[in-house]
Amino acid sequence: QRMSDTDGDAVLVFAAASLGDALSEVGEAFREETGMGVTFNFSGSQTLAQQIAASSRGDVFISADEEWMDFVEEKERLKAGSRISLLSNRLVLVSTADTKFRINRLEDLCGLDFAFLCIGDPDAVPAGRYARRWLEQERCGDGEFLWEKLSSRVSPAPDVRAALEQVLSRVDSIGVVYRTDFLRAGERARLLLESPLRNIRYPAALLKGRKNVSGGAAFYEFLQSGKAMAIFELHGFGRVN
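The sections below set out a description of the structure shown in this document. (Residues numbered from 1 in each chain as written. Predicted model: local features only at pLDDT ≥ 70, side-chain atom pairs only at ≥ 80, totals over all residues. Heavy atoms only, no water.)

### Focus on the overall build of the chain
Looking only at helices and strands, the chain has nine helices and 11 strands in total. Whereas a compact globule of 241 residues would reach a radius of gyration of roughly 18 Å, the chain reaches 19 Å, a difference of no more than 12%. In terms of its C-alpha atoms, the chain occupies a principal-axis envelope of roughly 60 × 35 × 35 Å. Looking at the chain alone, contacts between residues at least 24 apart form 78% of all its contacts between residues at least 6 apart. Accessible surface, the chain: about 10800 Å² in total, of which carbon and sulfur atoms supply 46%. The chain carries 30 positive and 35 negative side-chain charges, and their two centres are separated by 1 Å. (Helix = DSSP H or I, 4+ residues; strand = E, 2+ residues; numbered from the N terminus. Rg over C-alpha atoms; globule rule 2.2 N^0.38 Å. Contact = heavy atoms within 4.5 Å. Areas by Shrake-Rupley, 256 points an atom, 1.4 Å probe, with all protein chains shown as cover. Lys, Arg positive; Asp, Glu negative; His and termini not counted. Charge placed at Lys NZ, Arg CZ, Asp CG, Glu CD.)

### Looking at the environment of Leu12
Turning to its location among the elements, Leu12 is positioned in strand β1 (residues 11-16). Taking the C-alpha atoms as reference, Leu12 lies 44 Å from Lys100; in sequence the two are 88 residues apart.

### A look at the packing of aromatic side chains
One pass over the full model with this rule turns up eight aromatic pairs. Measuring from centroid to centroid gives 5.1 Å for Phe40 and Phe42, while their planes differ by 15°, and the two rings are stacked. The buried category is assigned to Phe40, whose relative accessible area is 2%. With centroids separated by 5.8 Å and ring planes inclined at 55°, the aromatic side chains of Tyr178 and Tyr202 adopt a geometry described as tilted. Placement of Tyr178 in strand β8 (residues 173-178) and of Tyr202 in strand β10 (residues 200-206) is noted, with a sequence separation of 24 residues between them. Each of the two residues, Tyr178 as well as Tyr202, counts as buried. Here the aromatic cluster, defined as three or more aromatic residues joined through ring pairs, consists of Phe30, Phe40, Phe42, Phe219 and Phe222. (Phe/Tyr/Trp six-rings, centres within 6.5 Å; stacked < 30°, edge-to-face > 60°. Buried < 20%, exposed > 50% of the residue type's maximum accessible area, 1.4 Å probe, protein only.)

### What about the environment of Ile174?
Along the chain, the position of Ile174 falls in strand β8. When the C-alpha positions of Ile174 and Tyr220 are compared, they lie 36 Å apart, and in sequence the two are 46 residues distant. Those residues in contact with Ile174, other than ones at most four positions away along the chain, are Leu93, Val94, Ser95, Phe101, Leu109, Phe114, Phe116, Leu117, Cys118, Val167 and Leu192.

### Some details on the state of the cysteines
Following the criterion strictly, the structure yields one disulfide and no others. With its sulfur 2.0 Å from that of its partner, Cys110 forms a disulfide with Cys140. Handedness of the Cys110-Cys140 disulfide follows from its S-S torsion of about -90°: it is left-handed. Of the two residues, Cys110 is situated in the loop between β5 (91-96) and β6 (116-120) and Cys140 in the loop between α4 (126-135) and α5 (146-150); the sequence distance between them amounts to 30 residues. For Cys140, a relative accessible area of 7% puts it in the buried group. (Disulfide = S-S within 2.5 Å.)

### Things to note about the pattern of salt bridges
What the rule picks out here adds up to 19 salt bridges. Taking the shortest distance from any N to any O, the salt bridge between Asp181 and Arg161 comes out at 2.4 Å. Here the residue Asp181 occupies a position in helix α7 (residues 179-185), and Arg161 occupies one in helix α6 (residues 160-168), the gap between them amounting to 20 residues. A relative accessible area of 16% means that Arg161 is categorised as buried. Residue Arg188 is joined to Glu165 by a salt bridge in which the shortest nitrogen-to-oxygen separation is 3.3 Å. Highlighted residues: Arg188 in the loop between α7 and β9 (189-194) and Glu165 in helix α6, separated in sequence by 23 residues. Here the salt bridges do not stand alone but share partners, grouping Asp21, Arg161, Asp181 and Arg184 into one network. (Salt bridge = Lys/Arg side-chain N within 4 Å of Asp/Glu carboxyl O.)

Structure representation (structure tokens):
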């Protein structure tokens, strides 16, 4: 569901694109339990944060990284004390299922013959920022950092779902996406490598300024329930320890 001006009393949730399938199921479970509807606005976290900052809309914000939640907090749109770390995720390097690419370690990318590295825009999209951080940690044999070596082949996307679709549409491309998006792609995608990065966190918070406070607070609590967490885990998200 996308947000519209006719949502009325529905809880309005701004959420990172990578949460689309899992949160839609969580919203349905919430509606069955409470009778309250939920409308989602799924997009890149950077787009959502700017929308929230520019308006008084939304009851809950779930970002794919801490930096865009920081941005919204600096704009004084978060309800004090409501910010939590909700979920964790992992990065993976993937290709479409019918490529011949094989790698054993990240440095193998230095000599891999591919045309495009598809990631979220590394200047804005959380998954792209994480991808750049991963690639900045390894060097090629000539001493050049992997990110510098590959930067001319980067194909930036507005969110991680768009990056994955780029990968799946071309046999000469690879991409860095969340493990949850790889799982969602099923047999269409091939896993090449899993990132060792462990600090990918999805913060959630209540937004202030909208009248529908009770519904927003109820959904925010439901997000942390065992029922919601079971749905998130089925989609590959982890709990934050």
